[in-house]
Amino acid sequence: MNISQAERRRVDVVVVGSGLAGLLAAITARENGASVALVAQGEIGRSANSWLASGGLAAVTGIDPDDSPEHHLEDIRRTARGLVFEDIARIFVDEAGPAIRKLETLGVRFHARDGDLALFPAPGHSLARSVRCEGGGAVGLMTTLIDVASERDVQLIGNTTAVEVLKSAEGRAAGILCRSGDAWQIVEAASVVLACGGMGKLFPVTSNHELADGSGYYLALKAGAVLTDLEFVQFTPTSLAWPLEVRGTSTGGGLMAQPGVKLLNANGERFMSRYDPERMEASTRDVLARAIFREVSEGRGTEHGGVHVDMSEADRDAVAQVSGRFLRAIDAMGIDPYSERVEVAPDVHFAMGGVVADVDGRTGVPGLFAAGEITAGLHGATRLNSNGLSEAAVFGIRAGRAAATESAAAQTWSCDFDSRHRVVHAMIAEDPRHIDGQHRTGVIRIGPVASGVGEAGGNVPALKSELREILMDGAGIERRTETITRALTRHAALRDQIDTVLASATPTEAFSLDGMYVLSGLILQASRLRTESRGAHFRADYPAQDPTWDRHIAFVCEPATAGDTQFEEAAQ
Ligand SMILES: Cc1cc2nc3c(=O)[nH]c(=O)nc-3n(C[C@H](O)[C@H](O)[C@H](O)COP(=O)(O)OP(=O)(O)OC[C@H]3O[C@@H](n4cnc5c(N)ncnc54)[C@H](O)[C@@H]3O)c2cc1C
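Rules of the game
- Residues numbered from 1 in each chain as written.
- Predicted model: local features only at pLDDT ≥ 70, side-chain atom pairs only at ≥ 80, totals over all residues.
- Heavy atoms only, no water.
- Near = heavy atom within 4 Å.
- Polar contact = N/O pair within 3.5 Å; in protein donor to acceptor, adjacent residues only side chain to side chain.
- Areas by Shrake-Rupley, 256 points an atom, 1.4 Å probe, with all protein chains shown as cover.
- Helix = DSSP H or I, 4+ residues; strand = E, 2+ residues; numbered from the N terminus.
- Nonpolar A, V, L, I, M, F, W, Y, C, P; charged D, E, K, R; others polar.
- Pairing = 2+ DSSP bridges.
- Axes fitted to C-alpha atoms, helices over the stretch in contact; angles between N-to-C directions.
- Buried < 20%, exposed > 50% of the residue type's maximum accessible area, 1.4 Å probe, protein only.
- Expected span 1.5 Å × (residues − 1).
- Core = buried A, V, L, I, M, F, W, Y, C linked by side-chain atoms within 4.5 Å.
- Domains from an automatic or database assignment.
- Salt bridge = Lys/Arg side-chain N within 4 Å of Asp/Glu carboxyl O.
- Buried area = accessible area lost by both parts, 1.4 Å probe.
- Contact = heavy atoms within 4.5 Å.
- Phe/Tyr/Trp six-rings, centres within 6.5 Å; stacked < 30°, edge-to-face > 60°.
- Lys NZ or Arg CZ within 6 Å of the ring centre and 35° of its normal.

Caption draft 1: A look at the site of the ligand. Looking at the ligand, there are 39 residues lining it, with Ser50, Gly56, Ala162, Glu373 and Leu389 nearest. At 2.9 Å from an oxygen atom of the ligand is found a main-chain nitrogen or oxygen belonging to glutamate 373. Surface burial for the ligand is 96%, taken as the share of its 1,000 Å² of free accessible area covered by protein chains. Broken down by secondary-structure element, the contributors of at least two residues to the shell around the ligand are helix H1 (20–31), helix H2 (49–52), strand E8 (161–167), helix H6 (215–223), strand E15 (342–351) and helix H11 (387–407). Looking at the shell around the ligand residue by residue, the classes come out as 16 nonpolar, 21 polar and two charged.

Caption draft 2: Representation of the sheet that holds E15 in the model. What the four strands build is an open sheet, ordered E12-E15-E14-E13; its pairing is antiparallel. Single-partner strands in this sheet number two, and they are strand E12 (233–240) and strand E13 (262–264). Across this sheet, the average inter-strand angle for adjacent strands is 40°, counted without regard to direction. The sheet contact formed by E13 and strand E14 (residues 307–310) spans three bridges and is antiparallel.

Caption draft 3: Representation of the pairing of strand E18 (residues 422–429) within the structure. In terms of residue burial, E18 counts as a mostly covered element, since seven of its eight residues are buried. Of the strand pairs in this sheet, E18 and strand E19 (residues 441–446) are connected by five bridges, and their pairing is antiparallel. Of the residues in E19, the one forming a bridge with histidine 425 is glycine 442. Pairing of E18 with strand E20 (residues 552–559), which is carried by eight bridges, proceeds in the antiparallel orientation. Bridge pairing in E20 links histidine 425 to valine 556.

Caption draft 4: The arrangement of helix H15 (residues 507–529) in detail. The terminal C-alpha atoms of H15, which comprises 23 residues, lie 33 Å apart, in line with the 33 Å expected from a rise of 1.5 Å per residue. Burial runs high along H15: 19 of the 23 residues are buried.

Caption draft 5: Up close: the nonpolar core. Of all hydrophobic cores here, the largest spans 81 residues; its most connected members are Val14, Ile176, Val187, Leu194, Val424, Leu522 and Phe555. Take this core: its biggest share by element is 11 residues, from H15. Summarising the domain contributions, this core has at least three residues from each of domain 1 (7–231 + 352–407) and domain 3 (418–570). Of all hydrophobic cores here, the second largest spans 66 residues; its members include Ala34, Val36, Phe85 and Ala149.

Caption draft 6: Spotlight on the pattern of salt bridges. Within this structure, the stated rule accounts for 45 salt bridges. A salt bridge links aspartate 75 to arginine 129, with the nearest nitrogen and oxygen atoms 2.8 Å apart. Placement of aspartate 75 in helix H3 (residues 69–80) and of arginine 129 in the loop between strand E5 (116–117) and strand E6 (130–132) is noted, with a sequence separation of 54 residues between them. No difference in accessibility class separates aspartate 75 from arginine 129, as the two residues are buried. Across the pair glutamate 313 and lysine 262 runs a salt bridge, and its minimum N-O distance is 3.2 Å. Placement of the pair is glutamate 313 in the loop between E14 and helix H9 (316–322) and lysine 262 in strand E13, with a sequence separation of 51 residues. Taking the relative accessible area as the measure of exposure, lysine 262 reaches 16% and is therefore buried. Each of Glu95, Asp358, Asp360, Arg362, Arg398 and Glu406 takes part in a single network of salt bridges with overlapping partners.

Caption draft 7: The arrangement of the domain arrangement of the protein chain in detail. Partitioning the protein chain into domains gives domain 1 (7–231 + 352–407), domain 2 (237–346) and domain 3 (418–570). Averaged C-alpha coordinates put domain 2 and domain 3 at centres separated by 32 Å. Overall, the association of domain 2 and domain 3 removes approximately 580 Å² of surface from exposure, summing both partners, and the carbon and sulfur fraction of that is 65%. Of all residues in domain 2, Arg290, Phe293 and Arg294 give up the largest surface area on contact with domain 3, accounting jointly for 84% of the area buried on that side. Taken together, the connections running from domain 2 to domain 3 amount to one salt bridge.

Caption draft 8: Quick look at the environment of phenylalanine 538. Within the element layout of this structure, phenylalanine 538 appears in the loop between H15 and E20. Between the C-alpha atoms of phenylalanine 538 and valine 13, which are 525 residues apart in sequence, the distance is 40 Å. Setting aside chain neighbours within four positions, we find phenylalanine 538 in contact with Arg290, Ile477, Glu478, Arg479, Ser533 and Pro543.

Caption draft 9: Fine view of the packing of aromatic side chains. On inspection of all chains with the given rule, the structure shows four aromatic pairs. With 5.8 Å between their ring centres and 35° between their planes, tyrosine 218 and phenylalanine 511 make a pair best called tilted. One end of the pair, tyrosine 218, is in helix H6; the other, phenylalanine 511, is in helix H15, with 293 residues separating them in the sequence. Taken individually, tyrosine 218 and phenylalanine 511 each receive the classification buried, so the pair is uniform in this respect. Cation over ring: arginine 551 sits above tryptophan 549, and NZ or CZ is 5.4 Å from the ring centre.

Caption draft 10: Examining the environment of glycine 216 more closely. Relative to the assigned elements, glycine 216 resides in helix H6. The contacts of glycine 216, once residues within four sequence positions are left out, are Leu194, Cys196 and Ile374.

Caption draft 11: Just the sheet that holds E19, in detail. Read across the sheet, five strands follow the order E16-E11-E20-E18-E19 without closing on themselves; strand pairing throughout is antiparallel. Across the chains shown, the open sheet's two edge strands, defined by having one partner strand only, are strand E16 (354–355) and E19. Strands in contact with H15 are strand E11 (227–228), E18, E19 and E20; relative to E19, the strand with the most contacts, it is inclined by about 165°.

Caption draft 12: Here's a closer look at the side chain of serine 390. Looking at the element boundaries, serine 390 is found in helix H11. Contact partners of serine 390, with chain neighbours within four places excluded, come to Leu57, Ala58, Phe92 and Ala96.

This is the structure we're talking about:
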């Protein structure tokens, strides 16, 4: 890897990610006296799930005297199904309200009522405690924060991909190596904050941003951080499966409950009569998602892996009220949903698992912090509506503050590019923040850092598509031993092909492809190991929740040793 020509800069804190967590981490680190650079793939802010969000943030704001942090905590515990990190959830419910107030002081505008914030109900919450950004989405929130970051001299570096966390000889995070176009960049920093968001693009259909391929998890894993709860992936049932340009756009949760809206499989059957004859399309999200998944996996799916929505008998006014974004998307494609059938499929919406961190985002690797969707712990087995943006706000602020404080101890940068193969080990832990002495099994190999030195992309897009299909097959909505094993076998068989392509791909492509390969393998492994159903993880062969599984599956990456040669077999 030739990085001798790399442009270098040095700051106290470098933040990777320009979503809500990253922007707030950067702004808060500046407020605490640090010099800050913020690096993001794509355009600053726009390349983030935060930009696409509907704009609801759950918090106890003190407006409703009947609400309290305890109530919010209870709601989280109920949906997390025993896997919440209590200290993180406690801090979250206490600080979500103050985080909203901080956003207001930064200039973010929320819907108001009677001179204060208006509160809206959100599914799963026992009380109305969601505030909503003005403008019907989170774009206003994001543009305000980008302006604030810019005014406060955060160095905003867009269209740049972080491909490696650099470490000092002592093992402390010391900056990041990035690729911007054809050039390398090194940002040296005493503290590194990963605020890289989710991993929806590991799956074929997702509401996530085009760049949400989970590369942040891969960065963290390679740097030595622990990942956990990766099997918990939240699906929503009906997003556009086609046309490609609007794939992943949700129909809106309320559409299926509208009279006259029907779901049909490729044979034209109204298949919900087999799954929920009483409620039909108005069934719950999990039943709908599983029904569609089963229709597709049993060969009754449409051309692009979904089912049809027939709205020919629907009430147009009622549909317009619940599905504005969906209608605009298909209108832009020249489709009339009232005369043509539209293909929909379940989409991946949110990753509950991720990087293990403490309440200040410390990952266990000195100097390396994580905040926002990339982290695990708050949501356990399922995320509660509107808690994603609040999570990014609370822990973005905390990580930014801690990163600035710790950067005060100046570091000397040095980095040894590790050309050894490494192995990711799986373990089952009561508490993934204390994994010393846990029994470990090697499950997947990671290639040398110096992958991706060529210029040609090879068949990277085709391999990525195949990985997505494999992951959906094994770790889709309904999982079972047989399909997971089949997916793992197909996944292992791709290793050599991926290695060949990595050698000739551009560094950014190589990083993205390798990361997708590793992460999809880990999600499959976690889905295989958890022999129960809980929250978003549904095993058809183990349909009940099992109290012996009140534990976490964790992964950590270490240099390969002679004893790791059998890991491929262990993966089967
Ligand atoms: C369609 C949709 C609607 C939603 N609506 C809501 C809602 O109303 N309320 C709610 O609470 N939650 C909602 N969510 C979830 C919520 O949007 C996320 O939980 C939240 O935005 C995550 O913020 P974040 O800052 O952690 O990550 P993101 O906003 O996704 O930001 C991640 C950033 O990291 C960058 N990045 C990643 N990897 C790299 C790399 N290797 N190098 C450089 N940069 C990198 C990305 O480009 C991006 O800038 C929604 C999600 C979606 C997809």
